Amino acid sequence: MITTVKYGATKTYVVQGKNGSVLFDTGWAGTFPLLCRALGEKGIRLQDIKLLLISHFHPDHMGIAQEIANAGVTLAAADVQRNHLHVSDGIFAKDSRSGFVPIDDSKVRFFTLGQSRELLGELGIDGEVIHTPGHSDDSISLWVQSDRALLVGDLNPLYELEMHKGTQIEQSWQRLLALDPQTVYYAHAKTAVVGKNQVCESGAQGDTYSLVKRITRLCDKGCDASKIADKTGADIDFVRDVQRMYFTHPNVSVQGILDRIEIKGK
C-alpha cells in the first residue's frame, strides 16, 4: 500500500487505498514535472491521488503543494497546522525563479485530529493523523494501521532518541511507539524496521564521516561556508548541505546528517 517516490532531497510517499491514494509530502518549488515523472515511473497516475498531506510546512516538504492542488488533488491540513501554511513563503520569495505558488487557504480542507480516521476512511485507508511536534510545532505523522507503518516526515530518527530525553521529540515518539509499528518511513533517513538495529552511530566509518564531524565543529565556532570550505578542502555545496541539515535539525548526529543528505560512501 505504501510506495516511496523520490525525485529530490525529500522522500515522498503514496499510500494507496481502495477509493484513491494519499500523497504524503512534496518537494521544493519547481519540481512538479519531476514529481509527475517519478509517479509515472512507479505506475501511479496523478489523477488517482485524491488527498495531499504535508508533514510540516518547511520549504522542502510543501514547495509544490498548491500546484498539486491545482491539478485536482485536495490539500488537507490538520487544525494544528492552520497557522503554519505560509511559514516558507518568505524563503521562496527570495528566489523569483523558483516558480513557487503560495497555498490558497480558502481551498484547503482543514480537519481536526479526531476527524482524521474518517478522512482517511473515505479513501479506504485504515489509519490516522497524529500530531508529533519536535522538529516543528506543526509536524504530523501518518499511521497506516493495515501496514503497521508510520510516515514521520522530519521527526528525528529513532536511533537519535537517546539524545532527546525529556523533550517533545521523545514525547512524540512515545506516542507513536505505543501503536506498536513495524516500519518507519522518514523524509530523509533510511526506512527502518522497528526493533532492528539497522543504523547506529558506531557503524559510520571513513573519511566522509570525519569530514562531516569537522564541518559541524566549525559550524559551532561560527565559521561560514566559505571559510569551512577553505579549512577542510570540501566542496562548498557539500558544506552548505551539511550546514543546512545541522542547523535545521537540532542535536542531529553525524550519522543523521549522512542519512538525511545521502552522502555516505560518496
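Everything below is about the structure printed above this text.
The structure reproduced in this document is the subject of the present report. (Residues numbered from 1 in each chain as written. Predicted model: local features only at pLDDT ≥ 70, side-chain atom pairs only at ≥ 80, totals over all residues. Heavy atoms only, no water.)

### Some words on the overall build of the protein chain
Under the convention used in this document: Strands here are runs of E lasting at least two residues and helices are runs of H or I lasting at least four, both read from the DSSP assignment and numbered beginning at the N terminus. Burial here depends on accessible area, computed with a 1.4 Å probe over protein chains only, as a share of the maximum for the residue type. Under 20% is buried, over 50% is exposed, and the range in between is partly exposed. By definition in these notes, contact holds between two residues if any of their heavy atoms fall within 4.5 Å. Per-residue and other accessible areas were derived by the Shrake-Rupley procedure at a 1.4 Å probe size, with only the shown protein chains allowed to occlude residues. Charge convention: Lys and Arg are scored as positive, Asp and Glu as negative, and His as well as the terminal groups of each chain are ignored. Each charge is placed at NZ for Lys, CZ for Arg, CG for Asp and CD for Glu.
Secondary structure assignment for the protein chain yields 10 helices and 11 strands. Dimensions along the principal axes, computed over C-alpha positions, put the protein chain at roughly 55 × 45 × 35 Å. Within the protein chain, the proportion of its 266 residues that are buried is 51%. Restricting to contacts in the protein chain with at least 6 residues of sequence separation, those with at least 24 account for 63%. Just so you have it, the protein chain exposes about 12,300 Å², and 47% of that area is on carbon and sulfur atoms. Where the 29 positive side-chain charges of the protein chain centre and where its 32 negative ones centre are 4 Å apart.

### Re the nonpolar core
The condition that has to hold: By nonpolar core we mean a set of buried residues, namely Ala, Val, Leu, Ile, Met, Phe, Trp, Tyr and Cys, connected to one another through side-chain atoms within 4.5 Å.
By size, the foremost hydrophobic cluster in this structure holds 27 residues, and its most contacted members are Leu-35, Leu-39, Ile-49, Leu-52, Met-62, Ile-68 and Ile-103. At the level of elements, helix H1 (32-41), strand S4 (49-53), helix H3 (65-70) and strand S5 (74-78) are the ones that each hand at least two residues to this core. Here the element with the most residues in this core is H1; it accounts for 4 residues. Of all hydrophobic cores here, the second largest spans 21 residues; its members include Leu-53, Ile-140, Val-144 and Leu-151.

### Observations regarding the sheet that holds S5
Counted only if it meets this: When DSSP finds two or more bridges between a pair of strands, those strands are recorded as paired. Working convention: axes come from line fits to C-alpha atoms, limited for helices to the stretch in contact. Angles between N-to-C directions cover 0 to 180 degrees.
Spatially, the 6 strands line up as an open sheet ordered S1-S2-S3-S4-S5-S6, and their pairing is mixed. Each having just a single partner strand, strand S1 (2-6) and strand S6 (109-111) make up the two edges of the open sheet. Neighbour to neighbour, the strand axes of the sheet diverge by 25° on average, direction disregarded. Note that S5 and S6 share 3 bridges and pair parallel. When the sheet's bridge partners are listed, Ala-77 is paired in S6 with Phe-110. Against the sheet, H1 touches S1, strand S2 (11-17), strand S3 (20-24) and S4, its axis set at about 135° to S1.

### Description of the packing of aromatic side chains
The test is simple: Geometry of aromatic contacts follows a simple scheme: Phe, Tyr and Trp rings, the Trp one being its six-membered ring, pair when their centres are within 6.5 Å, and the pair is stacked under 30 degrees between planes, edge-to-face over 60, tilted otherwise.
On inspection of all chains with the given rule, the structure shows 4 aromatic pairs. Here Tyr-13 and Tyr-185 contribute two aromatic rings whose centre-to-centre distance is 5.3 Å and whose plane-to-plane angle is 65°, an arrangement assigned as edge-to-face. Of this pair, Tyr-13 sits in strand S2 while Tyr-185 sits in strand S10 (residues 183-185); the two residues are 172 residues apart in sequence, bridging distant segments of the chain. The exposure class assigned to Tyr-185 is buried, which follows from its relative accessible area of 15%. Between the aromatic rings of Phe-92 and Phe-100, the centroid separation amounts to 4.3 Å while the plane-to-plane angle is 20°, which identifies the pairing as stacked. Residue classification places Phe-92 among the buried residues on the basis of a relative accessible area of 5%.

### Here's the deal with the environment of Tyr-246
For Tyr-246, the location among the structural elements is in helix H9 (residues 236-248). Each C-alpha atom, one on Tyr-246 and one on Arg-260, is 10 Å from the other, the two residues being 14 residues apart in sequence. Each residue touching Tyr-246, except ones within four places of it in the same chain, is listed here: Thr-216, Cys-219, Asp-220, Val-252 and Ile-257.

### Description of the pairing of S2
Within S2, 6 of the 7 residues are buried, leaving the element largely enclosed by the surrounding structure. Where S1 and S2 come together, 5 bridges link them in antiparallel fashion. Residue pairing across strands places Ile-2 opposite Val-15, the latter belonging to S2. Once S1 ends, the chain turns through 4 residues before running back antiparallel as S2. Bridge count for S2 against S3 is 5 bridges, and the pairing is antiparallel. Across the sheet, the residue bridging to Val-15 is Val-22, located in S3. Between S2 and S3, which pair antiparallel one after the other, the connecting turn spans 2 residues.

### What about the sheet that holds strand S7 (residues 127-131)?
What the 5 strands build is an open sheet, ordered S7-S8-S9-S10-S11; its pairing is mixed. Each edge of the sheet is formed by a strand with only one pairing partner; in this case those strands are S7 and strand S11 (192-193). Both S7 and strand S8 (residues 140-144) contribute to a ladder of 5 bridges, which runs antiparallel. In the sheet register, Glu-128 faces S8, and the bridge partner there is Trp-143. Sheet strands in contact with helix H6 (residues 168-177) are S7, S8, strand S9 (149-151) and S10, and its direction is about 165° off that of S7.

Take it as geometry only, folks, not as evidence of what the structure does.
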